[in-house]
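Overview (structure and organization)
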Amino acid sequence: MRPTGKLHLGHFTGALENWVARQNELDADGQRAFETFFLIADYHNLTTSLETSDIFDCTIDMATDWLAAGVDPEKSPIFRQSRVKEHTELFLIYSMLITASRLERNPTLKDQLRDLNMDAVSYGHLGYPVLQAADILLYKGNIVPVGEDQLPHVEITREIARRFNNQYQHPVFGDVFEEPEPKITKFSRLAGLDGKTKMSKSLGNTILLSDKPEEVFNKLRKAVTDTQKIRKNDPGRPEVCTVFSYHRRFSDPDSVESIARDCRSGALGCVDCKKACAEAISGELAPILEKRSGYASRPEMVKDILLSGEEHARRIAETTMQEVRIAMNIG
Ligand code: AMP
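In this text, all values refer to a predicted model and were calculated from it rather than measured experimentally.

1. Looking at the packing of helix α1 (residues 9-24) against helix α13 (residues 270-296)
Running from amino to carboxyl end, α1 crosses α13 at an angle of 65°, the nearest separation of the two axes being 13 Å. Our pair here, α1 against α13, has a crossing hand that is left-handed. Residue-level inspection shows L9, F12 and E17 of α1 in contact with α13, the latter providing I281, E284, L285 and I288. For the contact of α1 with α13, the residue count by class is 5 nonpolar, no polar and 2 charged.

2. Details of empty space enclosed by the protein
Considering all chains together, one arrives at 1 cavity of 30 Å³ or more under this definition. In this model, the largest cavity occupies a volume close to 100 Å³. At the level of elements, α11 (242-250), α12 (253-265) and α13 are the ones that each hand at least two residues to the lining of the largest cavity. Sort the elements by how many residues they give to the lining of the largest cavity and α13 lands first, with 3 residues. Considered class by class, the residues forming the lining of the largest cavity number 9 nonpolar, 2 polar and 3 charged.

3. A word on the site of the ligand
Around the ligand, a shell composed of 16 residues is seen, among which H11, G147, D149, L190 and M199 lie nearest. Within the backbone of L190, an N or O atom sits 2.8 Å from a nitrogen atom of the ligand. The protein chains hide 92% of the 490 Å² of surface that the ligand would expose on its own. Considering only residue class, the shell around the ligand consists of 5 nonpolar, 7 polar and 4 charged.

4. Things to note about the packing of helix α10 (residues 213-221) against α13
Following both chains from N to C, one finds α10 and α13 inclined at 145°, their axes separated by 9 Å at the closest point. Crossing of α10 over α13 shows right-handed handedness. For the pair α10 and α13, the contacting residues are P213, V216, F217, L220 and R221 in the first and K274, K275, C277, A278, I281, S282 and L289 in the second. Class assignment of the residues belonging to the contact of α10 with α13 gives a composition of 8 nonpolar, 1 polar and 3 charged.

5. Re the domain arrangement of the protein
In terms of domain boundaries, the protein breaks down into domain 1 (9-191 + 298-328) and domain 2 (201-294). Between the C-alpha centres of domain 1 and domain 2 the distance comes to 31 Å. Counting residues at the interface gives 18 residues for domain 1, matched by 18 residues for domain 2. Remark: the boundary between domain 1 and domain 2 carries 2 salt bridges. Between E17 and R249 there is a salt bridge whose closest N-O contact spans 2.8 Å. In this assembly, domain 1 and domain 2 are joined by 7 residue pairs in polar contact (both at pLDDT 80 or more). The set of elements that each furnish at least two residues to the side of domain 1 that touches domain 2 consists of α1 and α3 (55-68). Taken together, the residues of the side of domain 1 that touches domain 2 break down into 10 nonpolar, 3 polar and 5 charged.

6. A closer look at the side chain of H153
Considering the arrangement of structural elements, one finds H153 in helix α9 (residues 151-167). Judged by relative accessible area, which is 1%, H153 ranks as buried. Reaching out from H153, the side chain makes a polar contact with the side chain of N106 at a distance of 3.1 Å. Looking at H153, its side chain comes within polar contact range of the side chain of Q132, at 2.8 Å. For H153, the residues in contact, after removing those within four places along its chain, are N106, T108, Y128, P129 and Q132.

7. Looking at the nonpolar core
Residues L9, L16, W66, L220 and I281 are the most contacted members of the largest nonpolar core, which totals 47 residues. Mapped by element, the contributors of at least two residues to this core are α1, β1 (38-40), α3, α10, α11, α12, α13 and α14 (299-327). Counting residues per element, this core draws most heavily on α13, which supplies 8 residues. Built from parts of two domains, this core gets at least three residues from each of domain 1 (9-191 + 298-328) and domain 2 (201-294). In this structure, L220 is in contact with L193, I207, V243, Y246, K274, C277, A278 and I281, ignoring residues within four places of it in sequence.

8. Describing a nonpolar patch on the surface
Judged by side-chain polarity, Y43, L46 and L50 come together as a nonpolar surface patch covering roughly 310 Å² of accessible area. Take L46: it is sitting in the loop between α2 (42-45) and α3.

9. Things to note about the side chain of T157
Take T157: it is sitting in helix α9. Looking at T157, the relative accessible area reads 0%, which means it is buried. Engagement of the side chain of T157 in a polar contact is seen with the backbone oxygen of H153, the distance being 2.8 Å. Once residues within four sequence positions are removed from consideration, T157 is found in contact with A133, I136, L137 and P180.

The rules behind these values
Residues numbered from 1 in each chain as written. Predicted model: local features only at pLDDT ≥ 70, side-chain atom pairs only at ≥ 80, totals over all residues. Heavy atoms only, no water. Axes fitted to C-alpha atoms, helices over the stretch in contact; angles between N-to-C directions. Helix = DSSP H or I, 4+ residues; strand = E, 2+ residues; numbered from the N terminus. Left-handed = near helix turned anticlockwise from the far one by under 90°. Contact = heavy atoms within 4.5 Å. Nonpolar A, V, L, I, M, F, W, Y, C, P; charged D, E, K, R; others polar. 1 Å grid on protein atoms, 1.4 Å probe; cavity = no way out; pocket = protein on both sides within 12 Å on 5 of 7 lines; lining within 4 Å. Points joined across faces, edges and corners; volume = space filled by probe spheres on them. Near = heavy atom within 4 Å. Polar contact = N/O pair within 3.5 Å; in protein donor to acceptor, adjacent residues only side chain to side chain. Areas by Shrake-Rupley, 256 points an atom, 1.4 Å probe, with all protein chains shown as cover. Domains from an automatic or database assignment. Salt bridge = Lys/Arg side-chain N within 4 Å of Asp/Glu carboxyl O. Buried < 20%, exposed > 50% of the residue type's maximum accessible area, 1.4 Å probe, protein only. Core = buried A, V, L, I, M, F, W, Y, C linked by side-chain atoms within 4.5 Å. Patch = residues over 30% accessible without salt bridge, like charges linked within 9 Å, V, L, I, M, F, W, Y side chains within 5 Å.

This is the structure in structure tokens:
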């Protein structure tokens, strides 16, 4: 994840809860099923903004949200991309293994340029999926828990791994990289409060993980619903309503069914529906908020967690780069 500050519900449903589930998953023998690594992709911030004055605060805010949501630094190293130099080294090598035209076809890039009204793309922004491939493969990542918008990037990562293995072989074990699989959640594209298809900080349509119950309700009050449901008792269409999409994720299945029925019949007005939705969201956020306040008052501790995660990550990244150099005869 890029350190853009406090996280929103889209980050939570699309990625973070999936990460925590993988971190805590056990295999049949009761051992951890996966080794998990969580990267703060600070170089990736430069793709859309060169402003770095608040990058440290944004990093701490984001790491605080991760910890509050259940990322456990004893199990999963948390580390900054810029602190492990092997990311840029592998990125350079990978950038020779893919064509510029392949990167120009990346649909996520096209969406981003449109959403941010950018009329030109920098060389680094075009190549950002290549850096992402290095981020994943330095740790031999085989499962990448991401939101839907990242699927094209995992595909590019797979192509780069294949291309590397076709071109270079390690003298002892052959293929250096495995092609990773994406792992998306059921709510891998959470809509924004304004009804746009994606909740996103840059679109200003978010509910934050750190929002208190009254903030959640105030934001939801202004959320776009079915534009044809004008008066309270007009029949509504839950399938086109953003607030209903939140109910599907945060309310219990029985309530979701009765909300859909009562919206359709006109028995349920948008204000009551939003109140129930705010309660469901805040109910789920309550333990995260509580845990967050413990970390938020101790940013030095969060920084120490990053420093020790970076030491751990560096050891693995160095080993992978040695393998790469041996395979390429530059070792
Ligand atoms: P980013 O902040 O763009 O680096 O995204 C970090 C992670 O959150 C990625 O895996 C995204 O796919 C995921 N994500 C961001 N926004 C949303 C959203 N609105 N719905 C679902 N997943 C999202």
